Amino acid sequence: FRERTQVLSILRWIRNSNDIWNNDVFTRDDKEKMDMQKKCQHAEDVIWPTTAAVFAAEAMWLACRPESEFFVVANKQVLKRMSIDLDRLPMFLPLINAGDVDAKAKRTWALRQLNSSFH
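In this report, we go over the structure that sits alongside the text.

Definitions and cut-offs
Residues numbered from 1 in each chain as written. Predicted model: local features only at pLDDT ≥ 70, side-chain atom pairs only at ≥ 80, totals over all residues. Heavy atoms only, no water. Helix = DSSP H or I, 4+ residues; strand = E, 2+ residues; numbered from the N terminus. Contact = heavy atoms within 4.5 Å. Axes fitted to C-alpha atoms, helices over the stretch in contact; angles between N-to-C directions. Parallel < 35°, antiparallel > 145°, perpendicular 65-115°, else oblique. Left-handed = near helix turned anticlockwise from the far one by under 90°. Nonpolar A, V, L, I, M, F, W, Y, C, P; charged D, E, K, R; others polar. Phe/Tyr/Trp six-rings, centres within 6.5 Å; stacked < 30°, edge-to-face > 60°. Buried < 20%, exposed > 50% of the residue type's maximum accessible area, 1.4 Å probe, protein only.

By the secondary structure assignment, Thr51 is in helix H3 (residues 50–63). The residues contacting Thr51, other than those within four sequence positions of it, are Arg88, Leu89, Pro90, Leu114 and Ser117.

What follows is the structure, encoded as structure tokens:
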């Protein structure tokens, strides 16, 4: 299918996030996070924060819809980093602080992402 490349890059991005979490690449200051990390033996054992999971799902949905106004925004984020940082809100600050023509739409999208992660 047409969007195969984008979908595969997001799947690699998700796998890399799991691998990085399991292989201690990120430094963890919080003892609770380190304990949780030690319990994870395999990539499938990683417990993703809801904000990261919602963003990954949204990025996958957008990858299949290149006509969407946020396709470029999400795709840039996926291509910019080799994995998603599971300790932070993905793309939240750049979207909230956007000052371009589409700033209101970007803020609304970022807040909708955050709101979805609370449910």
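Now that the structure has been shown, the text picks up again.
Moving on: the packing of H3 against helix H6 (residues 103–117). Their axes nearest at 8 Å, the elements H3 and H6 cross at an angle of 125°. When the interaxial angle is binned, H3 and H6 end up oblique. In the packing of H3 onto H6, the handedness of the crossing is right-handed. Residues Thr50, Thr51, Val54, Phe55, Glu58 and Leu62 of H3 pack against Trp109, Arg112, Gln113, Leu114, Ser116 and Ser117 of H6. The residue makeup of the contact of H3 with H6, split by class, is 5 nonpolar, 5 polar and 2 charged.

Let us now look at the packing of aromatic side chains. Enumeration over the complete set of coordinates arrives at 3 aromatic pairs. The interplanar angle of 70° and the centroid separation of 5.7 Å between the aromatic rings of Trp13 and Phe55 together place this pair among those described as edge-to-face. With Trp13 in helix H1 (residues 4–22) and Phe55 in helix H3, this residue pair connects regions lying 42 residues apart in the sequence. Here Phe55 falls in the buried class, since its relative accessible area comes to 2%. The interplanar angle of 10° and the centroid separation of 4.8 Å between the aromatic rings of Phe70 and Trp109 together place this pair among those described as stacked. Of the two residues, Phe70 is situated in the loop between H3 and helix H4 (71–80) and Trp109 in helix H6; the sequence distance between them amounts to 39 residues. What makes Phe70 buried here is its relative accessible area of 10%. One aromatic cluster is present, built from ring pairs that chain together Trp13, Phe55, Phe70 and Trp109.

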